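Close look at the chain arrangement
Each chain, letter by letter, is given below.
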Amino acid sequence: MSRVALAAAAILAALMLQTVVGYQIFGRLIGIDLVLVVVVGTALFYGPTAGMVSGTIAGLCQDALSGGVLGVAGLAKTLVGFVAGVVATQFIVSSIIPRGVVFFAMTWLHGICFLGLYAMIERHGIGRPWRQLLVQSLLNAAIGVVATRMIERGPEWWRRRQYGRRAEGRRLAR
Amino acid sequence: MLQNDRGPVLEFQKRTGYLLVAALLGHLLLISSQVSSRQGPSSVLETALFGTLARVQALTSWVTQSASGVWGNYVALRGLRTQAEQLQQQLDRMGVELQHANAQARRAEQLELLLQLKRTELPATMAARVMAADPAADFRTVTIDKGSADGVRRDMAVLSPLGVVGRVIDEPASHAAKVQLIIDRNAGAGAVIDRNGAGGVVVGGEGDAPLRMEYVSNLAEVSPGDLVMTSGLDGIYPRGYVIGRIEKAERGSGQYRQILIRPRVDFSSLDTVLLVTGPQPERATPPAGANSSTVSPTTNPATTPGTTAANPVAPAASRPAGAPSPAPAAPRPVSPVPPATTGPTP
């Protein structure tokens, strides 16, 4: 239950950061897809089923807030969540470079699914914004690696810090 | 069955596989239900999801704006006394200019009445705040904090003090609505070049100049810097509102010119926009013997509760009475509405 709540909170936070906070502070966060980062992160931590479900929910929410067709981002993110989860169960992706490669590759997979679906739905499609996709995948990889590292190492670092403070307090008290 | 210490492996993989297939099929059905028509259950689902998430967006927006407001209203205001004095002087100057402009407007009205021209008045508008942008980079939409409960309907035109912003798309939620910016690749508006009256369609595009004007004949004289206004022929945007200036105009290989337009509105920093709540009212042609002494100053026709008729966007300046009528434009693909009759008729 706590996993579900955590994933839901992360998706909601990513959506709000992407649409509201990012817009009001920076204008537009075109280069980053924070929702995709959360979906891939969920898949890396909890496996393919969790990745798939979080991808479906996050994608549908993203579609509902955007001007596109409902279900396109949902489908792309469902697939990405599943594939990222399978990759995480089959390979060791705990170090920085493999994890970055996963985020990078999943952004490309998502982009190709998204653009391909729109090419089938619309007469002209979205086009081929490969440069934009490259920038987005690099940024997503950087943010994804940093965020997942912080989630993994953050609590341990905090405990060590607290322990160090308490030890120093005891030493001073003596 | 293959087992490990966590349980049956294949069973788990099968279940995940079935779930994946079901999810993908569900999405495909959802998408295909919208391809033929944007109405139906998918539209209801989209509206419900949008309505729920828009409330969270409104809350987040309020928190973000409160935090930035504390900074902007208190911390960052030190040393602005000199600037305030300069602005006061500027305001005084503008007051004089406004009086002059009002006098000219009254004179123009009198002339219009004398020439028995039909004239347009300011459309009723309603202010709304932009609270969020599109989460996908491939679409150019924003979310505003007014919805169906405030009288917002689909296809309402949205303006800003500088010019045309876009239109409301999809069914609005009760307190939020999606606005498709005019720079979106699926957006379009009937447009006219102010200098010579050549008509066409402005569509969103990509790149540095995010608007293109299509269906302008190669025979029309177009040059960079020309102002492009809405024509009113699309039935969404009222006539005479600024879209932008022509940045580049080249002779096309076919019948039509290739024209790039730089929009006047800065879409990256939209804060407050105006929704056109009613159709642009037209005043009937006055009786032939109308006396110039009975002419009243411009009135605000806003009658909708909660709306204002304050028009921050200067309508297109009418051409001089002696000016030639607009050159017939190239075939106009967007013309479901009969041409407006607000221009001077020779």
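Residues numbered from 1 in each chain as written. Chains lettered and ligands numbered in written order. Predicted model: local features only at pLDDT ≥ 70, side-chain atom pairs only at ≥ 80, totals over all residues.

**Topic: the overall build of chain A**
- Looking only at helices and strands, chain A features six helices and zero strands.
- Counting from the amino terminus, chain A carries its helices and strands in the arrangement α-α-α-α-α-α.
- By its C-alpha atoms, chain A is 75 × 40 × 35 Å across when sized along the principal axes.
- The proportion of buried residues among the 174 residues of chain A is 49%.
- A separation of at least 24 residues holds for 67% of the contacts in chain A among residues at least 6 apart in sequence. (Helix = DSSP H or I, 4+ residues; strand = E, 2+ residues; numbered from the N terminus. Buried ≥ 20, exposed ≤ 12 C-beta atoms within 10 Å, placed from the backbone. Contact = placed C-beta atoms within 7 Å.)

**Thoughts on the sheet that holds strand E13 (residues 242-250) of chain B**
All names here are of chain B.
- Spatially, six strands are ordered E9-E10-E11-E14-E13-E12 in a closed barrel, and the strand pairing comes out antiparallel. Adjacent strand axes in the sheet meet at a mean angle of 40°, parallel and antiparallel pairs treated alike.
- As defined by bridge partners, strand E10 (residues 199-204) adjoins strand E11 (residues 211-214) across four bridges and the pair is classed as antiparallel. The partner of valine 201 across the bridge, within E11, is glutamate 214. (Pairing = 2+ DSSP bridges. Axes fitted to C-alpha atoms, helices over the stretch in contact; angles between N-to-C directions.)

**So, the pairing of strand E14 (residues 258-263) of chain B**
Residues and elements named next belong to chain B.
- By the alternation rule, side chains of E14 split into Ile259, Ile261 and Pro263, which are all buried, and Gln258, Leu260 and Arg262, of which none is buried.
- Judged from the three bridges that link them, E11 and E14 form a sheet pairing that is antiparallel. By the bridge assignment for E14, leucine 211 is matched with isoleucine 261.
- Pairing geometry for E13 and E14, over six bridges, is antiparallel. Counterpart to isoleucine 246 in the pairing with E14 is isoleucine 261.

**Things to note about the nonpolar core**
- With 116 residues, the main nonpolar core has Val40 and Ala84 of chain A together with Val158, Val165, Val202 and Ile243 of chain B as its most contacted residues.
- Of all the elements, helix H4 (residues 72-90) of chain A adds the most residues to this core, at 11 residues.
- The two domains that each donate at least three residues to this core are domain 1 (8-59) and domain 2 (122-279 + 301-316 + 326-338) of chain B.
- For valine 165 of chain B, the contacting residues outside a window of four places in its chain are Val158, Leu159, Ser160, Val179, Leu181, Ile182, Val265, Leu270 and Val273 of chain B. (Core = buried A, V, L, I, M, F, W, Y, C linked by C-beta atoms within 7 Å. Domains from an automatic or database assignment.)

**Regarding the domain arrangement of chain B**
- Entries for chain B in the domain assignment read domain 1 (8-59) and domain 2 (122-279 + 301-316 + 326-338).
- Tallying the contact residues gives eight residues for domain 1 of chain B and 10 residues for domain 2 of chain B.

**Regarding helix H5 (residues 96-121) of chain A**
Residues and elements named next belong to chain A.
- Its 26 residues place the ends of H5 37 Å apart at the C-alpha level, agreeing with the 38 Å of an ideal helix rising 1.5 Å per residue.
- Listed in full, the buried residues belonging to H5 are Arg99, Gly100, Val102, Phe103, Phe104, Met106, Thr107, His110, Gly111, Phe114, Leu115 and Leu117.
- The inward-facing, buried residues of H5 contact helix H2 (34-46), H4 and helix H6 (130-173). (Expected span 1.5 Å × (residues − 1).)

**Some words on the packing of helix H3 (residues 48-65) of chain A against H4 of chain A**
Residue and element names in this part refer to chain A.
- Relative orientation of the contacting elements H3 and H4 amounts to 160°, with a least axis distance of 7 Å. Considering the angle they form, H3 stands roughly antiparallel to H4. H3 and H4 meet at a crossing whose hand is right-handed. (Parallel < 35°, antiparallel > 145°, perpendicular 65-115°, else oblique. Left-handed = near helix turned anticlockwise from the far one by under 90°.)

**Topic: the interface of chain A and chain B**
- Counting residues at the interface gives 38 residues for chain A and 42 residues for chain B.
- Contributing elements (two or more residues each) for the side of chain A that touches chain B: helix H1 (2-26), H3 and H4 of chain A.
- Partitioned by chemical class, the residues of the side of chain A that touches chain B number 22 nonpolar, 15 polar and one charged. (Nonpolar A, V, L, I, M, F, W, Y, C, P; charged D, E, K, R; others polar.)

**As for the pairing of strand E5 (residues 141-144) of chain B**
Residues and elements named next belong to chain B.
- Of the two faces of E5, the one holding Thr141 and Thr143 and the one holding Val142 and Ile144 are both buried throughout.
- Here three bridges tie strand E4 (residues 125-133) to E5, and the two strands are oriented antiparallel to one another. Its bridge partner lying in E5, alanine 132 is registered against threonine 143.
- Strand direction decides the pairing type here: E5 and strand E8 (residues 177-181), joined by four bridges, are antiparallel. When the sheet's bridge partners are listed, threonine 141 is paired in E8 with glutamine 180.

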